[in-house]
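For reference, the chains in residue letters:
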Amino acid sequence: MGRTFLLLAALLTAAQPPAAPPATAPPDTEIFLAPLTRGAAPAVGRPVNITNSPGYDNQPAFTPDGAGILFTSIRGGGTQTDIYRYDIASGATRRVTSTPESEYSPTVTPDEAHISVIRVEADGTQRLWRFTLDGQAPELVLTDVKPVGYHAWADDHTLALFVLGSPATLQIADARTGKADSVVRGIGRSIQRIPGGGTISFVQRVPSAQEGGVPVLKISELDPKSRRVTALVNAVDGAREADCAWTPDGMLVMAEKDVLYGWRKGDAAWRRLADLAALGLHGVTRIAISPKGDRIAFVTQ
């Protein structure tokens, strides 16, 4: 148990909060929602705070219909997390899970009948679980794969997993068999399904060529079927973390030093999309984009 908490406390020092609660209180974060214009150069509209709750609100994920946002939150002054849902039309928030355990990283499964989560069990074990959409009937998805930090569905049974370790590994798992294979070592926490296919983007930390230099964050694409890895682009210069998201039409976005950047396959470099500081957004970490590409959610510290 102590070893698990030490590991999670170390992860907390990163800009993106960990997938499980540390021994100390997690950072005070909020989720903002803004309109996003579609096209070659997306523009961000005025953001609105949709959580307005002291403490930890993080890991937003749009529902497939774009009508709601699932997120992880600590409420009531404790350290235990549950999953909540924000309804965009009404502005109402409701609790989805209510358990003694902590749930993180809510994601609607490909069958659109469940929510998959990283669950921190009573003994500190982190595994992938799923609930029905109303937060009921919890069941294990992968019994033997642990400790899982983050996940993304490539198709209805194939998962890309961030598995904690020294170093962390990118593993491909089959929900039908429960088996997982390690594919890449030394990855970052951002793993995303790329629109238009069953491939996955991930971030890998490549040691600097200079002694004592900052590692290079390389963003690559993985085909889970062939296991082929294709380099895409390095993260924005100076970034120590790369929390990425994809627009439906294939633009990769990330934030660095209060600026939002975008990149498409074929681009020579990242393009500046928005001055987040001018919009009142500072220290942006995780980003989520709606299925239609008309809204964008930001996590700020």
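In what follows, the structure referred to is the one given above.
Scope of this entry: the structure provided in the associated data block. (Residues numbered from 1 in each chain as written. Predicted model: local features only at pLDDT ≥ 70, side-chain atom pairs only at ≥ 80, totals over all residues. Heavy atoms only, no water.)

**A word on the overall build of the protein**
Reasoning step 1: A count of helices and strands for the protein gives 1 helix and 24 strands.
Reasoning step 2: The C-alpha radius of gyration computed for the protein amounts to 18 Å, which stays within 12% of the reference 19 Å derived for 301 residues, consistent with globular compactness.
Reasoning step 3: Principal-axis analysis of the C-alpha atoms places the extent of the protein at approximately 45 × 45 × 40 Å.
Reasoning step 4: Counting the 301 residues in the protein, one finds 54% classified as buried.
Reasoning step 5: Long-range contacts, defined here as pairs at least 24 residues apart, represent 39% of the contacts in the protein between residues at least 6 apart.
Reasoning step 6: When the accessible surface of the protein is summed, it comes to about 13,200 Å², and 50% of that surface belongs to carbon and sulfur atoms. (Helix = DSSP H or I, 4+ residues; strand = E, 2+ residues; numbered from the N terminus. Rg over C-alpha atoms; globule rule 2.2 N^0.38 Å. Buried < 20%, exposed > 50% of the residue type's maximum accessible area, 1.4 Å probe, protein only. Contact = heavy atoms within 4.5 Å. Areas by Shrake-Rupley, 256 points an atom, 1.4 Å probe, with all protein chains shown as cover.)

**Considering the packing of aromatic side chains**
Reasoning step 1: Taken as a whole and judged by the stated rule, the model has 3 aromatic pairs.
Reasoning step 2: With a centroid separation of 6.2 Å and an interplanar angle of 65°, the aromatic rings of Tyr56 and Tyr104 are classed as edge-to-face. Of this pair, Tyr56 sits in the loop between strand S2 (48-49) and strand S3 (57-62) while Tyr104 sits in strand S7 (residues 102-108); the two residues are 48 residues apart in sequence, bridging distant segments of the chain.
Reasoning step 3: The exposure class assigned to Tyr56 is buried, which follows from its relative accessible area of 2%.
Reasoning step 4: Measuring from centroid to centroid gives 5.4 Å for Tyr150 and Phe162, while their planes differ by 75°, and the two rings are edge-to-face. Here Tyr150 is found in strand S11 (residues 148-153), whereas its partner Phe162 is found in strand S12 (residues 158-163), with 12 residues between them in sequence.
Reasoning step 5: The class of Tyr150 is buried, set by a relative accessible area of 6%.
Reasoning step 6: For Phe162, a relative accessible area of 5% puts it in the buried group.
Reasoning step 7: Over the ring of Trp129 we find Arg119; its NZ or CZ atom is 4.6 Å from the centre of that ring. (Phe/Tyr/Trp six-rings, centres within 6.5 Å; stacked < 30°, edge-to-face > 60°. Lys NZ or Arg CZ within 6 Å of the ring centre and 35° of its normal.)

**As for the pattern of salt bridges**
Reasoning step 1: All told, the structure shown has 16 salt bridges when counted by the stated rule.
Reasoning step 2: With a closest N to O distance of 3.1 Å, Arg227 and Asp181 form a salt bridge. One end of the pair, Arg227, is in the loop between strand S17 (216-222) and strand S18 (229-234); the other, Asp181, is in strand S14 (residues 180-185), with 46 residues separating them in the sequence.
Reasoning step 3: When its relative accessible area of 32% is taken as the criterion, Arg227 is described as partly exposed.
Reasoning step 4: Look at Asp181 and you get partly exposed, because its relative accessible area is 43%.
Reasoning step 5: Arg189 serves as the salt-bridge partner of Asp243, at 3.1 Å between the closest nitrogen and oxygen. Of the two residues, Asp243 is situated in the loop between S18 and strand S19 (245-246) and Arg189 in strand S15 (residues 187-193); the sequence distance between them amounts to 54 residues. (Salt bridge = Lys/Arg side-chain N within 4 Å of Asp/Glu carboxyl O.)

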